[in-house]
Amino acid sequence: MPYYRIHKTEYIDETKRVSFKYDGKTYFGYEGDTLASALLANGVHLVGRSFKYHRPRGIVSCGAEEPNAICQIGSKKDLTEPNVRATELELYEGLEASSQNCWPNVKFDIGGINNFISPLIPAGFYYKTFMWPKSFWKKVYEPLIRLSAGLGKSPTEPDPDIYDHKHVHYDVLVIGGGISGIISAKMAAKNNLKTLLVDDKKILGGSTIYQNNESIKIDDKLSSEWLKNEIQEIKKLSNLTIKTRTSIAAYHGYNFLLAKENLTDHLPEEKKKNKIRQRLWKIRAKKVVIATGSIERPLVFNNNDRPGILLSNSINKYLDYYGVTCGENIILFTNNDSAYETSISLHKKGIKNLIVDLRKSASSELIKEAQSLGIKIYFNHVVTNTFGYRKINSLEIMKLSEDGNTTVGNIIKLSCDCLGMSGGWTPMVHMHTQSGGKLNFRDDDQVFLPKENSEDQISVGSCNGDFDLENIIDKTVNKINKFLDIDNQDYQDTNIICSKENDKRNIWLLPNKVPLGKTKCFIDFQNDSTAKDIKLALKEGFRSIEHVKRYTTTGMATDQGKLSNMHALGIIADTAGVKMGTLGTTTFRPPFTPLTFGTLVGRNVGKFFEVVRKTSMHEWHVENKAEFENVGQWKRPWYYAKNGENMHDAVQRESKAARDSAGILDASTLGKIDIQGTDASEFLNRVYTNAWSKLAIGKCRYGLMLNEDGMVYDDGVTTRISENHYLMTTTTGGAANVLSKLEDYLQTEWPELDVYLTSVTDHYSTASICGPNSKKILNKLFPNLDLSDENFPHMSFKEDNLENINCRIMRISFTGELSYEINIESKYGHSLWKMCIEAGKEFNLTPYGTETMHLLRAEKGFIIVGQDTDGTMTPSDLQMDWIVSKKKYDFIGKRSLYRSDTIREDRKQLVGLLTDDPKEILEEGAQIVSDIKSKPIDMLGHVTSSYFSPNLNKSIALAVVRSGKTMKGQKLIIPMENKNINVTVSDPIFLDKENKRINA
Amino acid sequence: MFLINCPFCGERDQSEFSSGGEAHIVRPKQPTELSDDEWAEYLFMRKNIKGIQFERWNHTHGCRKWFNVVRDTSNDKILSVYKMGEKPPVNYK
Ligand SMILES: [Zn+2]
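Keep in mind that this is a model prediction, so the values were computed, not measured.

What counts, and where the lines are drawn
- Residues numbered from 1 in each chain as written.
- Chains lettered and ligands numbered in written order.
- Predicted model: local features only at pLDDT ≥ 70, side-chain atom pairs only at ≥ 80, totals over all residues.
- Heavy atoms only, no water.
- Core = buried A, V, L, I, M, F, W, Y, C linked by side-chain atoms within 4.5 Å.
- Buried < 20%, exposed > 50% of the residue type's maximum accessible area, 1.4 Å probe, protein only.
- Helix = DSSP H or I, 4+ residues; strand = E, 2+ residues; numbered from the N terminus.
- Contact = heavy atoms within 4.5 Å.
- Donors = N, O, S within 2.8 Å, 3.2 Å for Na, K, Ca; no water.
- Tetrahedral: all angles 85-135°; square planar, octahedral: opposite > 155°, others 65-115°.
- Axes fitted to C-alpha atoms, helices over the stretch in contact; angles between N-to-C directions.
- Left-handed = near helix turned anticlockwise from the far one by under 90°.
- Nonpolar A, V, L, I, M, F, W, Y, C, P; charged D, E, K, R; others polar.
- Pairing = 2+ DSSP bridges.
- Salt bridge = Lys/Arg side-chain N within 4 Å of Asp/Glu carboxyl O.
- Polar contact = N/O pair within 3.5 Å; in protein donor to acceptor, adjacent residues only side chain to side chain.
- Patch = residues over 30% accessible without salt bridge, like charges linked within 9 Å, V, L, I, M, F, W, Y side chains within 5 Å.
- Areas by Shrake-Rupley, 256 points an atom, 1.4 Å probe, with all protein chains shown as cover.
- Arc of directions from axis to C-beta.

Caption draft 1: Summary view of the nonpolar core. Residue and element names in this part refer to chain A. With 89 residues, the main nonpolar core has F20, L35, I59, I179 and Y318 as its most contacted residues. When residues of this core are assigned to their parent elements, the largest contribution, 7 residues, is made by helix α5 (residues 179–190). Not counting residues within four places of it along the chain, the set of residues in contact with I179 comprises T208, I218, W226, L227, L469, I472 and I473. In this structure, Y251, I309, L400 and F592 belong to the second largest nonpolar core, which totals 48 residues.

This is how it looks when you write it as structure tokens:
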């Protein structure tokens, strides 16, 4: 195996050898390597297959823009990670990585057959081909596409890693630790601004840090040496925080940014354990400096995708930063000066190379240097084809015509083992546009640049289109002084020498003597879209860049078109004959690079996913085999599975016991709002549909609350405790919303009312005892309390002590039985409950859960807001006209009760349903029809509540049915998957219509 | 994500607040005297402006106070905050 590590650099520690596995084979690299640099050092270029045609693909870049070298890390079901860019993954001992999207292996790939049938797979292929026949989609097309669409495998078990979140505030955030970012951060921090500098790489310095060209100097030093000194300087600044391995994922409004800090991805397995893997920084910065640099552009020519074809500047970084050469006989194909730096570097390390330059001629310091070194330059030439299956081995070049539209002359064939391409530079304007910034287009070198229009953010350096060093430093310093309103003189006398690029020539789609249809000029390497695809899309009538993008899938892979979007735009503009700047760009959406879900959710997983609210009695319920139901955040006992009963049996037993003797329910979760103030009665008058002024002290009343649109919003019992003091109860789920709605009216509509609202839901625990024997149990608990119907009638309230602890007792009922609710301070809730159970033993006092509660109230036809209502039911729809005051001038929602729509007689209305077969239990949510044969079937409504009543020994259900009020006795049908169930409309009250049990 | 300057608590993250829609829609004092159309105007019709909009916000996870906000919906800049009952700033229209 040839070894391509040809010289030492300070970034690679050759004393620390690291072994790793790639596609099952063991290789060695050094500490400081990325997976990509280590593979290249071992001569491995072929790292994957393209998405559509399964063409062999090699490493293209050295950073976040990498489209090809994406791999699967590890193989454990819970920890394996797909789509990791080898160019960013730092090498560690024991790393196991494999190439993606190739089966059975990267060297022999069955999907490669697509390459030979590629004329059959044009743009929009999937849309066009798989449209018909429809029945083929589920069974044939989709499995086929899924099988070949191999962008890695997801873990199949929960992620065991720990992720963290952190909120921080800074005066200045600098994104990017290249030369302009370092200068900006230094200027800010030295002027007493609390500053954060983030960079996604392991060390600061960007591309200047390995720069070693003698014609580029700062203060007479190599720019890399000068910058290293600056980095040492800024590390001493006390109000500067530097975060490396940290990338900005999203830039939201108001300078709120999300950054992902990688903490352990570079560590060997055993050192990763029990550590936080990644931290999501939630950053608020008063000012943001964007210094994200630029990305080199590929060139679009025939077969530009072979392994061994890289971006020219990446070849330079692999050489000067990692000490690795990408080949021994390299050709650089360029339209600008930057490839000459690569060429000179290669030359100085003894690597044979030559340059093919699109430009007719060029003159600058760099070009003169290359010429003086004897490097061969083909000006006005273009690469027209490349050869070599697993790696490039030769290529053809031709001369360009005067206008650059065609090739002329003879083909020159050149051998090589690596091709570097440079189509110029694309400023990384992602952050600027994510923040809401707009772009300008610079025709000169065909770049989109930030349009500065914000006081809160600015772009500096090459992401602002400043490419030569003198421009970068001078402009950065001036802009930062102005932006931060400071007067920093640190760089006043800095002496910069650099080569200035004088000549430019850009051709988005390079000409060829072969027609476009017979070439493979790739634009998006990962998604395999070609120049031909783009042209086809235009021919078929697509014009908008957003449409062309989706139709051809250009820029839609995991790299989000970092390398391809500009070329797609350029070719569209050329083909359509419009100016490129007029087309706009596709939208740059966060995240900049993919984020794992773990980072986004942080610690909020498992039991921390949501707040859990438990009542004081919770432990008792657990000990007594309660199954729990989630109601909002509350855990409520659903039913108690005595002696291993199933739910049905438990509910039947509980329901019967409650009506035969006594039942007890933990009602602590009901919302409780304490209402005080001299206008409390007036306030209740306005928020409930019924009248409240005349409610006597010590009495309770059921109330229905509407929205302003007349629809039922909440219900509950409110008790008048004293002249100006009420206690309102709400549904469990509605508590917070009701309080907030009441506050809204108090603060904004009726500020003149003297009313104070306090949520006391958590302050009191409530045990609700019902059934014919409940009075006897109460008597045992409160022997001094007169429980006679005269002294303590239904819908009234008393206070008494239980072992010296004050209790509020309401005689109210949600089951239709004689019933008491005992409220006690929450800390005594558990004791109260146990005393009730103890006192109730001789009466078979049976604890029951929410399911039995629902069943018991359904027997009585009492609604549950949110189950029998859905925000479209008026009181009249619920057959509850009795609760709407005719006398009150106004209350919330009153006017809406006689809008043309709410008085319609064919609204859906609450009814009871009885199945013809009393054993048949309906499914809640089931649709109700009258004529099964009509097409389409006319839907009349749906079942809202359904139970088997043990007390009536038959199935009962509540439903909402169109014009239901007038349908009593009418036969309807519930069509189910396998049968039609016959039902009869009934009154919604099934049991004890005369309300006798309430005083039993 | 907005930073909202609660008139009672100061600058806080948007996640502490909830929006209450358009401001200065006064609940009619005599709803019964309104026609269906007039009532519907109050109940349903909102301006939903692209540009400068007056809105109600509630500091739900803070002081629980309602207040008014002037926001440019085209760039999300909050131009002014003021308490309930206070007159809207006149320099925005
Ligand atoms: Zn506040």
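Caption draft 2: Representation of the coordination of the zinc ion. Residue and element names in this part refer to chain B. For the zinc ion, every protein donor is listed as C6 (SG), C9 (SG), H59 (ND1) and C63 (SG), and the spread of their distances is 2.0 to 2.3 Å. Classification of the site at the zinc ion as tetrahedral follows from its 4 donor atoms and the range of 106 to 117° in their angles at the metal. Here the donor residues for the zinc ion map to a single chain with the spacing C-x2-C-x49-H-x3-C. For H59, a relative accessible area of 1% translates into the label buried. On the basis of relative accessible area, C63 is assigned to the partly exposed category, the value being 29%.

Caption draft 3: Just the packing of α5(A) against helix α6 (residues 223–235) of chain A, in detail. Residues and elements named next belong to chain A. Axis separation between α5 and α6 bottoms out at 10 Å; the angle between their running directions is 35°. For the element pair α5 and α6, the recorded crossing hand is left-handed. Facing I179, I182, I183 and K186 of α5, the residues of α6 in contact are W226, L227, E230, I231 and I234. When its residues are assigned to classes, the contact of α5 with α6 shows 7 nonpolar, no polar and 2 charged.

Caption draft 4: Broad picture of the sheet that holds strand β10 (residues 217–218) of chain A. All names here are of chain A. Pairing is antiparallel in the open sheet, where 3 strands are placed in the order β11-β10-β29. Both edges of this open sheet fall to β11 (221–222) and β29 (496–497), since each of them pairs with a single strand only. Here β10 pairs with β11 via 2 bridges, running antiparallel. Bridge assignment links I218 to a residue of β11, and that residue is K221.

Caption draft 5: Up close: the interface of chain B and chain A. Taken together, the contact pairs 28 residues of chain B with 29 residues of chain A. A salt bridge links R27(B) to E708(A), with the nearest nitrogen and oxygen atoms 2.6 Å apart. At the junction of chain B and chain A, the tally comes to 21 residue pairs in polar contact (both at pLDDT 80 or more). Listing elements by their share of the side of chain B that touches chain A, those giving two or more residues are α1 (36–44) and β6 (77–83) of chain B.

Caption draft 6: Up close: a nonpolar patch on the surface. Residues and elements named next belong to chain A. A grouping of F597, L600, V601 and V605 is seen on the molecular surface, where their side chains present a nonpolar patch of about 380 Å² in accessible area. Relative to the assigned elements, F597 resides in helix α16 (residues 597–601). A residue is classified by how much of its surface remains accessible, and F597, at 70% relative accessible area, is exposed.

Caption draft 7: Looking closely at the side chain of Q652(A). All names here are of chain A. As for its position among the elements, Q652 is in helix α18 (residues 647–660). With relative accessibility at 15%, the residue Q652 sits in the buried group. Apart from residues no more than four positions distant in its own chain, Q652 is found in contact with L855, F948, S949 and P950.

Caption draft 8: How the structure looks around the pairing of strand β38 (residues 725–730) of chain A. All names here are of chain A. Here β38 lies mainly inside the structure; 6 of its 6 residues are buried. Burial along β38 is two-sided: the face carrying H725, L727 and T729 and the face carrying Y726, M728 and T730 are both buried. Both strand β35 (residues 671–676) and β38 contribute to a ladder of 6 bridges, which runs antiparallel. Following the sheet pairing, G671 is matched in β38 by T730. Inspection of the sheet shows strand β37 (residues 712–722) paired to β38 by 4 bridges, in the antiparallel sense. Looking across to β38, one finds that S722 is bridged to H725.

Caption draft 9: Structural detail: helix α13 (residues 531–539) of chain A. Residue and element names in this part refer to chain A. The complete set of buried residues in α13 reads A531, D533, I534, A537 and L538. In an axial view of α13, the angular spread of the buried residues amounts to 165°, which keeps them on one side of the axis. Of the residues one or two after α13, G541 is the one with positive phi, at around 105°.

Caption draft 10: Summary view of the pattern of salt bridges. Residues and elements named next belong to chain A. If you walk through the whole model with that rule in mind, you get 70 salt bridges over all chains. When the shortest N-O distance is used, the salt bridge between D992 and K860 registers 4.0 Å. With D992 in the segment after β50 (980–986) and K860 in the loop between α23 (850–859) and β45 (908–915), this pair connects stretches of sequence that are 132 residues apart. On the basis of relative accessibility, which here comes to 4%, the residue K860 falls in the buried class. For D906, the salt bridge goes to R904, with nearest N and O atoms at 2.9 Å.

Geometric descriptors of this kind do not, in isolation, establish any biological role.
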